[in-house]
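So you can see what is in the structure, the chains are spelled out below.
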Amino acid sequence: MVITRFAPSPTGYLHVGGARTALFNWLWARENGGKFILRIEDTDLRRNTPTAMQQVINDLRWLGLEWDEGPDIGGPNGPYLQSQRLDLYTMYAKRLIEQGKAYYCFDTSAELEAMREKASAEKNNIVYQRPARFPDESDVKKARAEGKPVTVRFAMPAEEIVINDCLRGEVRFNGAELGDWIIIKSDGFPTYNFAVVVDDALMKVSWVIRGQEHLMNTPGQQELWKTLGFGELPKYVHMSVTISEGGGKLSKRERPASLRKAIKKTEGADVEKIAAAGSIGAEEMKGFLDGKTMPDMPAVDAMAKYLGVELPEINVVDFFRSGYIPETMVNFLALLGWNPGTGQEIMTREQLVAGFDISRLTKSNSLFDRQKLLSFNMEHLRLTPKEKVAGYFKDFLKEEQSPVAKADDARLEKLLAICDGARTLAEVEQKSRFLFVEDEKIEYDEKAVRKVLSAGGGEFLKIIRDKLSAMDSLSEQAVEQMLRAIAEEKGVGLGKIAQPLRVALCGSTVSLSMFESVVMLGKDRTLTRIDIALKKFG
RNA sequence: GGCCCCAUCGUCUAGGCCGGCCCAGGACACCGGGUUUUCAACCCGGCGACAGGGGUUCGAAUCCCCUUGGGGCUACCA
């Protein structure tokens, strides 16, 4: 049976790189009728945040990547939180020590740092000097009494280690150069590389599909697996990595970094007010601007909103908030480093599962192209069943606290239908907003007013007003006829007529079709808005 | 620096393992035109790549080597 897993560390929102890894594992399990496990790697006390696990779970659910075993639903191989498996790691570490395959160390971080510096000065990799005699329990006691840190290292064999990667073939390493590495930290917690082996083995994971960044960890993990006698090795697949526009692995730091850039670029930026918007202190703000610290995501988002800058989407939630739907994300992410070989690009979840194959993974890194994502979203907005999209739209509106949220299901679907060709739900929201704002509260875009209303558009508005008030029933056809008639009479294009009306009704030059807009707004409110606009700008 | 991975249009990629069907195909972006009540969409057309150098071969995008470039890892992070 194919058993895969996704093992994030709960350090914040799920970002697209992680989502892609999760997706490939999920696809491979589903394709083979296997199992997909969610495991939380919370062995770093300092970095974990209490809400992060729930955030990751929410994001995976939104993407539709359901797992068969996990911390929230349990399973036969639990617990699925590493922090709850500590006794297991301790037990296996003890076993290794007894076998003489691992040993205690008492180095301080300063001593380690000195070793690193020495190695780097010699233009070499740091290799930990294995002691001639492994310390015993009495040494440990002594070290503890002296207040020295106690860690455990795995003794790597000094021989060639060959791993067989399903994507990259045989990759060779020199065990002697890799050196002995820590499996138990001084706080008693296992390191990632140790816990991952124990858990993968105990959870019977048969396929380890992860990013290329883990390739160097594999020889160590493989040796440990063998030493622990865990039997048949899992199949290893080290996928390409997702690169961002600026070069380098896509990282969640990009959002704060891009905000910092924006603040520095803004002339006369009121740093105090910006900090207040993010509810962070002056100290933290200074550290952030100096590039020393990163505020948390809510603070970053709030400051960006205050400044009115768009930050690049990195986390899965960012894409949700920008109006993308899960179908798009799953499809697009799947195509980053994989393709079905059929030339088909736009695919449903089912098609992805059916067509997925590890052997068609790409070896080279790929860049996350937001332009293409945008066009994918348009396609999926069209392809996905209407009710489903309406559901996503509702969630989106709620998250954005949009006035459009007041609309009922029928109206929502209507709006979505009118906006066929929109690339994001945010575009639909933006175009529809004016329908749900009070007549007096329309915000008029200065440029739009200048360009359309002040430039003689008021004349046409008056004509429209007169014609409209004479109509007794409104229909899209009737409104269209009326507007076209005016255009013809005046010998101008329809645009000359529709644009002033648009600005009067919406305050903007970007909105729904005017024919539908007038009908949906209703005669009275349309007239009211025309009057307001005429009074203000006519 | 050391170790490891990778290398086809601006981007994602097809093709490469089984050399000739590839003077390299698709998609997104871009450019030009059309359509149009705004934005978007839509239709037609166009630009555009085998990183460089050596081999092997009758023949190389495809196989080998070197160079260059990109990426990863180099923690008591995961």
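About the cut-offs
- Residues numbered from 1 in each chain as written.
- Chains lettered and ligands numbered in written order.
- Predicted model: local features only at pLDDT ≥ 70, side-chain atom pairs only at ≥ 80, totals over all residues.
- Heavy atoms only, no water.
- Pairing = 2+ DSSP bridges.
- Helix = DSSP H or I, 4+ residues; strand = E, 2+ residues; numbered from the N terminus.
- Near = heavy atom within 4 Å.
- Polar contact = N/O pair within 3.5 Å; in protein donor to acceptor, adjacent residues only side chain to side chain.
- Nonpolar A, V, L, I, M, F, W, Y, C, P; charged D, E, K, R; others polar.
- Phe/Tyr/Trp six-rings, centres within 6.5 Å; stacked < 30°, edge-to-face > 60°.
- Buried < 20%, exposed > 50% of the residue type's maximum accessible area, 1.4 Å probe, protein only.
- Core = buried A, V, L, I, M, F, W, Y, C linked by side-chain atoms within 4.5 Å.
- Contact = heavy atoms within 4.5 Å.

Caption draft 1: Spotlight on the pairing of strand β6 (residues 169-174). Here six bridges tie strand β5 (residues 160-165) to β6, and the two strands are oriented antiparallel to one another. Looking across to β6, one finds that I161 is bridged to F173. If you look at the hairpin formed by β5 and β6, you'll find three residues sitting between the two strands.

Caption draft 2: Molecular detail of the protein's contact with RNA strand B. Not every one of the 71 residues close to RNA strand B is listed here, only the nearest: R168, K185, R382, K431 and F515. Sugar plus phosphate: this is where 73% of the atoms of RNA strand B within 4 Å of the protein reside. Between RNA strand B and E41 there is a distance of 3.3 Å, counted from a sugar or linking oxygen to a side-chain nitrogen or oxygen. Between RNA strand B and K431, the relevant distance is 2.3 Å, taken from a base oxygen to a side-chain nitrogen or oxygen of the residue. Listing elements by their share of the surface near RNA strand B, those giving two or more residues are α4 (109-121), β6, α7 (192-202), β11 (366-367), α16 (370-383), α22 (494-506) and α23 (514-521). When its residues are assigned to classes, the surface near RNA strand B shows 21 nonpolar, 26 polar and 24 charged.

Caption draft 3: Geometry of the packing of aromatic side chains. Under the defined criterion, the tally for this structure stands at 16 aromatic pairs. Ring centres of Y444 and F537 lie 5.1 Å apart, and the angle between their planes is 70°; on these two criteria the pair is classed as edge-to-face. Placement of Y444 in the loop between α19 (425-432) and α20 (446-470) and of F537 in helix α24 (residues 523-537) is noted, with a sequence separation of 93 residues between them. Judged by relative accessible area, which is 17%, Y444 ranks as buried. Grouped by ring-pair contacts, the aromatic residues F24, W28, W207, W338 and F356 constitute a single cluster.

Caption draft 4: Main features of the nonpolar core. Grouped together as the largest cluster of nonpolar side chains are 55 residues, with contacts concentrated most on F393, L425, L483 and L501. Of all the secondary structure elements, the ones that give two or more residues to this core are α17 (386-400), α18 (409-418), α19, α20, α21 (476-490), α22, α23 and α24. Residues in contact with L483, not counting those within four places in the same chain, are I464, L494, I497, L501, M514 and F515. Of all hydrophobic cores here, the second largest spans 52 residues; its members include V16, L23, A29 and L167.

All we've got here are geometric facts, nothing functional implied.
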